[in-house]
Amino acid sequence: MDLQRIQNAVREILLAVGEDPERDGLLETPARVARMYAEVFSGLKIDPKIYLKKTFNVQHEEMVLVRDIDFNSMCEHHLLPFTGRAHIAYLPSGKVVGLSKLARIVEAVSHRPQVQERMTEELADLVLNELGAIGAGVVLEASHSCMSLRGVRKTGSTTITSAMRGSFKTNPATRAEFLSLVHSPRLRAGG
Ligand SMILES: Nc1nc2c(ncn2[C@@H]2O[C@H](COP(=O)(O)OP(=O)(O)OP(=O)(O)O)[C@@H](O)[C@H]2O)c(=O)[nH]1
Ligand SMILES: [Zn+2]
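Nothing here was measured: the structure is a model prediction, and the numbers come from that model.

Close contact between helix H3 (residues 99–110) and helix H4 (residues 116–131) brings their axes to 10 Å; oriented N to C, the two are set at 140 degrees. The angle between H3 and H4 falls in the class oblique. H3 and H4 meet at a crossing whose hand is right-handed. For the pair formed by H3 and H4, the contact residues are Ile105, Val106, Val109 and Ser110 on the first element and Met119, Glu122, Leu123 and Leu126 on the second. Of the residues contributing to the contact of H3 with H4, the split by class is 6 nonpolar, 1 polar and 1 charged.

Here is the structure:
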């Protein structure tokens, strides 16, 4: 990532809004913001498929669901954060993946300029295709700060998106089981 170019652009923005980039409090801001963008867009350099290459041969014929994977992303329209939780499930066909890898693919695809719908679809495609799963389902719940901090200024709204693949799309019972598990009661803290 071209940190110097980001720094120059941030300095330009400060000048354009009528600030003085030479004043004490702003001197380090362009460099700081450049490091911040490198971090929040670090997923641009990562191919999430790498996380799903290592699998284990386990005969588990029922659904695997990892829910409440928290994420932070940046909406590609305003470059403002949207934050929420991802729930990812699949029906294995002879091989399973380490549970943390489902959280790792969320990290990779969320750390890019995104829209929630595309992020949901990308995650579902990755799980179905890379694991050769019988089916996959993804639900994302998020709040978009571009809707609360600016513009329409509605706080508290949540956007829920889902993507169903394979048996999650064709079998209503599988889809219903997934959605009911996503919404089932959480363990108590420490439980
Ligand atoms: N579908 C979708 N829209 C998003 C997402 N994140 C932000 N948006 C929306 O992107 C839209 C961009 O709309 P524009 O009309 O081009 O931009 P704008 O004039 O700044 O829109 P307002 O937010 O209504 O002020 C807005 O309606 C945002 O709420 C997302 O993940 N998915
Ligand atoms: Zn936005």
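As recorded in UniProt, the sites labelled "domain: GTP cyclohydrolase I" (unreviewed entry) are residues 6–182. End C-alpha to end C-alpha, residues 6–182 measures 40 Å, and it is 40% helix and 28% strand.

Neighbouring ligand 1 are Cys75, His77, Val115, Gln116, Glu117, His144, Cys146, Met147, Gly151 and Val152. Where the shell around ligand 1 is concerned, the elements lending two or more residues are H4 and helix H5 (145–148). Across the shell around ligand 1, the residue classes break down as 5 nonpolar, 4 polar and 1 charged.

Our focus in this paragraph is the nonpolar core. Formed by 31 residues in total, the largest nonpolar core has its most connected members in Ile88, Ile105, Leu123, Val127, Ala136 and Val138. For this core, the elements supplying multiple residues, two or more each, are strand S3 (81–91), H3, H4, strand S6 (135–144) and strand S7 (159–166). Per element, the largest residue contribution to this core is 7 residues, and it comes from H4. If near-sequence neighbours (up to four positions away) are discounted, Val127 is found in contact with Ile88, Tyr90, Ala133 and Ala136.

Right, let's talk about the confidence of the model for the protein chain for a bit. Summarising the model, the protein chain shows a mean pLDDT of 96, and 98% of its residues fall at 70 or more. Model confidence for the complex: the whole-complex pTM is 0.94, and ipTM, which rates the interface, is 0.91.

Right, let's get into H4. With 16 residues, H4 extends 23 Å from end C-alpha to end C-alpha; this agrees with the ideal 22 Å at 1.5 Å per step. Looking at H4, one finds that the buried residues are Met119, Thr120, Leu123, Ala124, Leu126, Val127, Leu128 and Leu131. Directly beyond the C-terminal end of H4, a positive phi value near 55 degrees is found at Gly132.

Further remarks concern the UniProt feature "binding site: Zn(2+)" (unreviewed entry) in the protein chain. In this structure's numbering, the residues bearing the UniProt feature "binding site: Zn(2+)" (unreviewed entry) are Cys75, His78 and Cys146. In summary, the annotated positions, though distributed over 72 residues, converge in three dimensions, the widest C-alpha pair being only 7.8 Å. Locating Cys75 in the fold gives a position in strand S2 (residues 64–75). Overall, Cys75 belongs to the partly exposed group, with 18 C-beta atoms counted inside 10 Å. For Cys75, the contacting residues outside a window of four places in its chain are Leu80, Phe82, Gln114, Val115, His144 and Cys146. In this structure, Cys146 sits in helix H5. Under the C-beta neighbour-count criterion, Cys146 is labelled partly exposed, with 16 such atoms within 10 Å. Not counting residues within four places of it along the chain, the set of residues in contact with Cys146 comprises Cys75, His77, His78, Leu80 and Gly151.

Let us now look at the packing of helix H1 (residues 3–16) against helix H2 (residues 29–40). Put simply, H1 and H2 touch, their axes get as near as 8 Å, and they point 125 degrees apart. Between H1 and H2, the angle falls in the class oblique. Both H1 and H2 take part in a crossing whose hand is right-handed. In this structure, H1 contributes Leu3, Ile6, Gln7, Val10 and Arg11 to the contact, and H2 contributes Thr29, Pro30, Ala31, Val33, Ala34, Tyr37 and Ala38. The residue inventory of the contact of H1 with H2, partitioned by class, reads 9 nonpolar, 2 polar and 1 charged.

Conventions used here
Residues numbered from 1 in each chain as written. Chains lettered and ligands numbered in written order. Predicted model: local features only at pLDDT ≥ 70, side-chain atom pairs only at ≥ 80, totals over all residues. Axes fitted to C-alpha atoms, helices over the stretch in contact; angles between N-to-C directions. Helix = DSSP H or I, 4+ residues; strand = E, 2+ residues; numbered from the N terminus. Parallel < 35°, antiparallel > 145°, perpendicular 65-115°, else oblique. Left-handed = near helix turned anticlockwise from the far one by under 90°. Contact = placed C-beta atoms within 7 Å. Nonpolar A, V, L, I, M, F, W, Y, C, P; charged D, E, K, R; others polar. UniProt positions renumbered as here; feature names shortened; annotations may be inferred. Near = placed C-beta within 6 Å. Core = buried A, V, L, I, M, F, W, Y, C linked by C-beta atoms within 7 Å. Buried ≥ 20, exposed ≤ 12 C-beta atoms within 10 Å, placed from the backbone. pLDDT = per-residue confidence, 0-100. Expected span 1.5 Å × (residues − 1).

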